[in-house]
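Observations on the model geometry
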Amino acid sequence: MDVAQRIRNLPPYLFAEIEKKIAQAREEGKDIIDLGIGDPDLPTPSFIVERLCREAQVAENHRYPSYRGLQAFREAVASWYKWRFGISFDPDKEVVALIGSKEGIAHFPWCVVDPGDIVLASDPGYPVYKIGTMLAGGVPIALPLLPHNDFIPDFSLFPESLLERVKLVFLNYPNNPTSRTASREFFQEVVELAHRFGFIIAHDLAYSEISFDGYRAPSVFEVDGAREVAIEFHSLSKMCNMTGWRIGFAVGNAKLVEALGRVKTNIDSGVFNAIQWAGVEALERVEEALRDIIPVYTERRNLVIEALRRVGFDVYYPKATFYIWVPVPQGFTSMGFAEFILERAQVVVTPGIGFGKYGEGFVRISITTPTDRLKEAMERVVRALEG
Ligand SMILES: *Cc1c(COP(=O)(O)O)cnc(C)c1O
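Remarks on unusual backbone geometry
Cis rather than trans, the peptide bond between Asp 123 and Pro 124 has omega equal to 5°. Structurally, Pro 124 is set in the loop between strand S3 (118-123) and helix H6 (128-135). Omega for the peptide link from Asn 176 to Pro 177 comes to 15°, which places this bond in the cis form. On the secondary structure map, Pro 177 appears in the loop between strand S5 (166-171) and helix H8 (184-197). Of note, Gln 346 is a non-glycine position whose phi angle comes to about 55°, a positive value. Along the polypeptide, Gln 346 turns up in the loop between helix H12 (334-345) and strand S10 (347-348).

Description of the packing of H12 against helix H13 (residues 371-386)
Interaxial distance between H12 and H13 falls to 9 Å at its minimum, and their mutual angle equals 105°. Judged by the angle between their axes, H12 and H13 are roughly perpendicular. Touching Phe 337, Phe 340, Ile 341, Arg 344 and Ala 345 of H12 are Arg 380, Val 381, Ala 384 and Leu 385, all from H13.

Considering helix H2 (residues 16-27)
In a regular helix each residue adds 1.5 Å, so 12 residues correspond to 16 Å; H2 covers 16 Å between its end C-alpha atoms and thus fits that length. Of all the residues in H2, the buried ones are Ile 18, Ile 22 and Ala 25. Buried residues of H2 fall within an arc of 65° about the axis and therefore sit on the same side. H2 presents Lys 20 and Glu 27 as exposed residues on the side facing more than 90 degrees away from its buried surface.

A word on the site of the ligand
Neighbouring the ligand are 13 residues; Asp 204, Tyr 207, Ser 237, Lys 238 and Arg 246 lie closest to it. Contacts to the ligand include Asp 204, whose side-chain N or O atom sits 2.5 Å from a nitrogen atom. In this structure, an oxygen atom belonging to the ligand sits 2.6 Å away from a side-chain N or O atom of Tyr 207. Protein contact buries 94% of the 390 Å² of open area that the ligand shows by itself. Grouping the amino acids of the shell around the ligand by side-chain chemistry returns three nonpolar, six polar and four charged.

Considerations on the packing of aromatic side chains
Applying the stated criterion to the full structure yields 24 aromatic pairs. With centroids separated by 6.1 Å and ring planes inclined at 70°, the aromatic side chains of Phe 73 and Phe 249 adopt a geometry described as edge-to-face. One end of the pair, Phe 73, is in helix H4 (residues 71-85); the other, Phe 249, is in strand S8 (residues 248-252), and 176 residues separate them in sequence. Given the relative accessible area of 0%, Phe 73 is considered buried. A relative accessible area of 0% means that Phe 249 is categorised as buried. On the numbers, 5.7 Å between centres and 80° between planes, the contact of Phe 151 with Phe 362 is edge-to-face. Taken together, the positions of Phe 151 in the loop between strand S4 (139-144) and helix H7 (160-163) and Phe 362 in strand S12 (residues 362-366) put the pair 211 residues apart, joining distant regions of the chain. Judged on exposure class, the residue Phe 151 and its partner Phe 362 are both buried. What links up through ring pairs into an aromatic cluster is the set Phe 73, Trp 80, Tyr 81, Phe 85, Phe 89, Phe 221 and Phe 249. Cation over ring: Arg 285 sits above Phe 47, and NZ or CZ is 3.9 Å from the ring centre.

Describing the sheet that holds S3
Sheets are built from strands that pair by backbone hydrogen bonding, the pairs being arranged parallel or antiparallel. On the basis of which strands lie adjacent, the open sheet formed by seven strands has the order S2-S8-S7-S6-S5-S3-S4 and mixed pairing. Of all strands in the sheet, those bounded by a partner on one side alone are strand S2 (95-98) and S4. Across the sheet, the mean angle separating the axes of adjacent strands is 20° when strand polarity is ignored. Looking at chain direction, strand S6 (residues 200-204) and strand S7 (residues 230-235) are connected through four bridges and run parallel. Residue pairing for S7: His 203 is matched across the bridge by Glu 232. Packing against the sheet, H4 makes contact with S2, S7 and S8, and its axis sits at approximately 60° to S8.

Points about empty space enclosed by the protein
Counted under the stated rule, the structure contains one cavity of 30 Å³ or more. What the largest cavity holds in volume is close to 60 Å³. As for the largest cavity, its lining consists of Leu 308, Phe 313, Val 326, Phe 337, Ile 341, Val 349, Val 363, Ile 365, Met 378 and Val 381. For the lining of the largest cavity, the secondary-structure elements that each account for two or more residues are H12, S12 and H13. Of the residues contributing to the lining of the largest cavity, the split by class is 10 nonpolar, no polar and no charged.

Rules used throughout
- Residues numbered from 1 in each chain as written.
- Predicted model: local features only at pLDDT ≥ 70, side-chain atom pairs only at ≥ 80, totals over all residues.
- Heavy atoms only, no water.
- Helix = DSSP H or I, 4+ residues; strand = E, 2+ residues; numbered from the N terminus.
- Axes fitted to C-alpha atoms, helices over the stretch in contact; angles between N-to-C directions.
- Parallel < 35°, antiparallel > 145°, perpendicular 65-115°, else oblique.
- Contact = heavy atoms within 4.5 Å.
- Expected span 1.5 Å × (residues − 1).
- Buried < 20%, exposed > 50% of the residue type's maximum accessible area, 1.4 Å probe, protein only.
- Arc of directions from axis to C-beta.
- Near = heavy atom within 4 Å.
- Polar contact = N/O pair within 3.5 Å; in protein donor to acceptor, adjacent residues only side chain to side chain.
- Areas by Shrake-Rupley, 256 points an atom, 1.4 Å probe, with all protein chains shown as cover.
- Nonpolar A, V, L, I, M, F, W, Y, C, P; charged D, E, K, R; others polar.
- Phe/Tyr/Trp six-rings, centres within 6.5 Å; stacked < 30°, edge-to-face > 60°.
- Lys NZ or Arg CZ within 6 Å of the ring centre and 35° of its normal.
- Pairing = 2+ DSSP bridges.
- 1 Å grid on protein atoms, 1.4 Å probe; cavity = no way out; pocket = protein on both sides within 12 Å on 5 of 7 lines; lining within 4 Å.
- Points joined across faces, edges and corners; volume = space filled by probe spheres on them.

Put into structure tokens, the structure is as follows:
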């Protein structure tokens, strides 16, 4: 029996080998500290949990949710965008609820990509852009994010004849894994290119609220002309420590939002209403949640950067996200350096190659681990590199 070609075509899982080593080290009783995954260790704010508990008691919430999401949830999304970015969206036509933004990102190529269509996906990048494209029969092409360009893509690398064939471009700023941010001027340029070459922009804004030192990340919709060509994906996962809840949303061009709703209507039946009501509570009180979250990440970011600089790494203080993107020492591959750190320090970091071929030469450190453990991890890394 064979599984479908589209599954066989998926790239191999790169971390099998390193995961075997982690499992083996744990079995040997070693105290492994995992800085690999980006999944907040801090709990969901209690006011959100309490709202869920109340809403879970309401019988009306036990039935199938509406496909596009509760009216109240879509209105809360629209109000938050207005308050945060100064942009108005029609909650009936320009907002759709998602089962986490990953779900929406994975399904979006089904809405706009015909078999053989070209999709540019940030590389290094969140793997779902490429895989979602492949599952829909599209052809992903890497959009390189390179250090010499501060991890901002340079579209002039592509001949115009290729750009004319591009259907969709996936962008993500603040960026996972590089932690770089993009300016409104950059979005302006991409929106102009989208109009000129007739492509669609899917912007992943998952980290807009995880920012430091007063930095405020822009939405692509702060740019004129974006509403004709773009959709933006967002979620409560990172900004309110809600990764396990599975609730996100997309806003933007009405035709694109409608198409995504249509695909979803035929595949899933939406997010549990009680979770959507908790999402309303979260959106109304994001600032309150962030007041507790941001100082913790700031302290952690600082301690990681200081430790890395002490042993000679060329790293800078990210303005956003909970990742540090670290160039590996000469002579190492990203996988080799991750294995070295695992063996010498019992610390797990993510090899950059896992985010695409342009991620080679880097590893990603996530700071979503309790501060005392993170401190311990960095002390071990420093010792391993000094000795
Ligand atoms: C975490 C993450 C997401 C997905 O988050 P959800 O929990 O599915 O909302 C999307 N994009 C990027 C870049 C992420 O890091």
